[in-house]
2 protein chains.
Amino acid sequence: MELLKKRIVSEGRVLPNNIVKIDGFLNHLVDVAFLKSLAEEFRRIFPDPAITKILTAEASGIPLATVCAELFGVPLLFAKKAKSDNIEGGLYKSETWSYTYGKKVTFIAAREWLSPRDTVLIIDDFLARGSALSALCDIVRQSGARLAGIGIAVEKGFQGGGDKLRADGMPLVSLAIIDRLSDGKISFRE
Amino acid sequence: MELLKKRIVSEGRVLPNNIVKIDGFLNHLVDVAFLKSLAEEFRRIFPDPAITKILTAEASGIPLATVCAELFGVPLLFAKKAKSDNIEGGLYKSETWSYTYGKKVTFIAAREWLSPRDTVLIIDDFLARGSALSALCDIVRQSGARLAGIGIAVEKGFQGGGDKLRADGMPLVSLAIIDRLSDGKISFRE
């Protein structure tokens, strides 16, 4: 999506350790009107009328997923990070390694809000190694719901998470795939 | 707001330890269309045309704050929970006690996204003892921005956080204030 790539180039900052900071419109300060244009693109890519839920993981995927849920006219479900001492029953759980936090994170979602009657579109703002996304896919699998697709705003292609999921047959589409960061320059996959 | 009170009564569940679970439309599964009606109510309550930013705290306040930002036509800024080993410079920081997590939580926001030129409306889904909200107010104070108001969906009045902030002169409005939970029955403040 050209509009998104342009905005990444003009506002994104390349930091050490392959970090691209896009926190001026996507995941700290959030330009909600701009997210709406991303949601419209997802609507074109995933026109499946059977979609019943948008699923994301807390926290930074929530603004984009909220705007998508509004546009698709379905509820949003966000998987929560478990508080270690407070996991109740009636939950789907999926454990993953968070590279951001440098520790294991367990994502949870209440069983009553996801079932085999659901068709799910997963939405997230960022995809790098894909650990949070794998947890979301695992939760969909546990629930018996059908996965209609996975829509990502920005994928760091060089970290391999997206290509691995595509090789596994996941219906994954990213609006911008960054393939290289060198000397502060951002190169996108064609 | 009658519509919200009705929905709390029909779908909320009272659990032990004064917990009201409203996770079927507000903060786990999220009815975004319904949140829009809450946002419209906040627009009536806080018509200040000078508002430049909606501020909330991750994670569960983000859906409502996103919908508000869209309606007010301004960006959303969400304060993040600090990852202990990863606090950079250039940040507003406010430490608070999280009763949910049973530990100290530090909220952070980048200095570049909040300044004395801003007029801020704080939005959150829930207010109990008010610790996260105090951290948000503290961040606004540090930034020199003007606080236009604080809009809360559901306040647990009996936990005192809201009344304390009102006594401090904070421009706080909650759309539904729960004053009592007894025998599974929810009583609202008139």
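Residues numbered from 1 in each chain as written. Chains lettered and ligands numbered in written order. Predicted model: local features only at pLDDT ≥ 70, side-chain atom pairs only at ≥ 80, totals over all residues. Heavy atoms only, no water.

**Here's the deal with the pairing of strand β11 (residues 185-188) of chain B**
Residues and elements named next belong to chain B. Bridging between strand β10 (residues 172-182) and β11 involves four bridges; their strand directions are antiparallel. Bridge assignment links Ile178 to a residue of β11, and that residue is Phe188. Here β10 folds back onto β11, and the loop between the two strands holds two residues, one of which, Asp183, carries a positive phi near 50°. (Pairing = 2+ DSSP bridges. Helix = DSSP H or I, 4+ residues; strand = E, 2+ residues; numbered from the N terminus.)

**Things to note about the packing of aromatic side chains**
When we look at a pair of aromatic rings, we describe it by the centre distance and by the angle of the planes. All names here are of chain A. Per the stated rule, a full pass over the model turns up two aromatic pairs over all chains. Measuring from centroid to centroid gives 5.3 Å for Phe25 and Phe34, while their planes differ by 90°, and the two rings are edge-to-face. Like Phe25, the residue Phe34 is buried in the burial classification. The lysine or arginine in question, Arg7, covers the ring of Phe34, its NZ or CZ lying 4.7 Å from the ring centre. (Phe/Tyr/Trp six-rings, centres within 6.5 Å; stacked < 30°, edge-to-face > 60°. Buried < 20%, exposed > 50% of the residue type's maximum accessible area, 1.4 Å probe, protein only. Lys NZ or Arg CZ within 6 Å of the ring centre and 35° of its normal.)

**Section: the interface of chain B and chain A**
Taken together, the contacts link 34 residues of chain B with 34 residues of chain A. With both sides pooled, the region where chain B packs onto chain A buries about 3100 Å², and carbon together with sulfur makes up 61% of that total. There are four salt bridges connecting chain B and chain A. Across the pair Arg13 of chain A and Glu112 of chain B runs a salt bridge, and its minimum N-O distance is 3.3 Å. Put simply, chain B and chain A have 14 residue pairs in polar contact (both at pLDDT 80 or more) between them. Secondary structure elements with two or more residues in the side of chain B that touches chain A: β3 (29-30), α2 (32-45), α3 (62-72), β5 (76-81) and β7 (103-110) of chain B. Among the residues making up the side of chain B that touches chain A, the classes are represented as 17 nonpolar, six polar and 11 charged. Pairing between strand β5 (residues 76-81) of chain A and β3 of chain B: two bridges, direction antiparallel. Pairing of Leu77 of chain A across the sheet is with Leu29 of chain B, part of β3 of chain B. (Contact = heavy atoms within 4.5 Å. Buried area = accessible area lost by both parts, 1.4 Å probe. Salt bridge = Lys/Arg side-chain N within 4 Å of Asp/Glu carboxyl O. Polar contact = N/O pair within 3.5 Å; in protein donor to acceptor, adjacent residues only side chain to side chain. Nonpolar A, V, L, I, M, F, W, Y, C, P; charged D, E, K, R; others polar.)

**Looking at the nonpolar core**
By size, the foremost hydrophobic cluster in this structure holds 78 residues, and its most contacted members are Leu4, Ile8, Leu38 and Ile54 of chain A together with Leu4, Ile8 and Ile54 of chain B. The residues contacting Ile8 of chain A, other than those within four sequence positions of it, are Ile22, Phe25, Val154, Ala176, Ile178, Ile186 and Phe188 of chain A. (Core = buried A, V, L, I, M, F, W, Y, C linked by side-chain atoms within 4.5 Å.)

**Description of the pattern of salt bridges**
Note that side chains of opposite charge can pair when their charged atoms are close. Overall, the coordinates contain 32 salt bridges over all chains when judged by the stated rule. Residues Arg7 of chain B and Glu11 of chain B are paired through a salt bridge, measuring 2.8 Å at the closest nitrogen-oxygen approach. Of this pair, Arg7 of chain B and Glu11 of chain B both sit in helix α1 (residues 2-11), separated by four residues, roughly a single helical turn. We classify Arg7 of chain B as buried; its relative accessible area is 18%. Look at the salt bridges and you will find they share partners, linking Glu155, Asp163, Arg166, Asp179 and Arg189 of chain A into a network.

**Focus: the pairing of strand β9 (residues 146-156) of chain A**
Residues and elements named next belong to chain A. Counting buried residues along β9, nine of its 11 residues qualify, which places the element largely inside the surrounding structure. Where strand β8 (residues 119-127) lies against β9, eight bridges are found, and the strand directions are parallel. By the bridge assignment, Ile122 is partnered in β9 with Ile150. Crossover β8 to β9 through helix α4 (residues 131-143) is right-handed. The pairing of β9 with strand β10 (residues 172-182) spans six bridges and is classified as parallel. Its bridge partner being in β10, Ile150 is matched across the sheet by Leu172. (Right-handed = clockwise from strand over helix to strand, strands pointing away.)

**Some thoughts on the relation of the copies chain B and chain A**
Mapping chain B onto chain A is achieved by rotating through 180° and translating by 0.0 Å along the same axis, at an RMSD of 0.0 Å. In symmetry terms, the pair is related by a two-fold rotation axis. The rotation axis passes nearest to the C-alpha of Ala59 of chain B in chain B, at a distance of 2.6 Å. Counting the interface residues of chain B, we find that 100% of their copies in chain A are interface residues as well, pointing to one common contact surface. (Least-squares fit on C-alpha atoms with pLDDT ≥ 70 in both.)

**A few points about the environment of Asn17 of chain B**
Along the chain, Asn17 of chain B falls in the loop between β1 (13-15) and β2 (19-21). Remark: the alpha-carbon pair of Asn17 of chain B and Leu181 of chain B, spanning 164 residues in sequence, is separated by 9.9 Å.

**Digging into the environment of Leu55 of chain B**
All names here are of chain B. As for its position among the elements, Leu55 is in strand β4 (residues 53-57). Sequence separation of Leu55 and Asp163 is 108 residues, and the distance between their C-alpha atoms is 21 Å. Once residues within four sequence positions are removed from consideration, Leu55 is found in contact with Leu77, Ala79, Val120, Leu121, Ile122, Ile123, Leu136 and Val140.

**Describing unusual backbone geometry**
Residues Glu58 of chain A and Ala59 of chain A are joined by a peptide bond in cis, for which omega reads 5°. You can see Ala59 of chain A is positioned in the loop between β4 (53-57) and α3 (62-72). The phi dihedral of Asn18 of chain B is positive, around 60°, even though this residue is not glycine. Here Asn18 of chain B is to be found in the loop between β1 and β2. Residue classification places Asn18 of chain B among the partly exposed residues on the basis of a relative accessible area of 36%.

**Description of α4 of chain A**
Residues and elements named next belong to chain A. With 13 residues, α4 ought to run about 18 Å at 1.5 Å a step, and its terminal C-alpha atoms sit 19 Å apart, in line with that. All of the buried residues in α4 are Ser131, Leu133, Ala135, Leu136, Cys137, Ile139, Val140 and Ser143. A positive phi of about 80° marks Gly144, the residue just after α4. (Expected span 1.5 Å × (residues − 1).)

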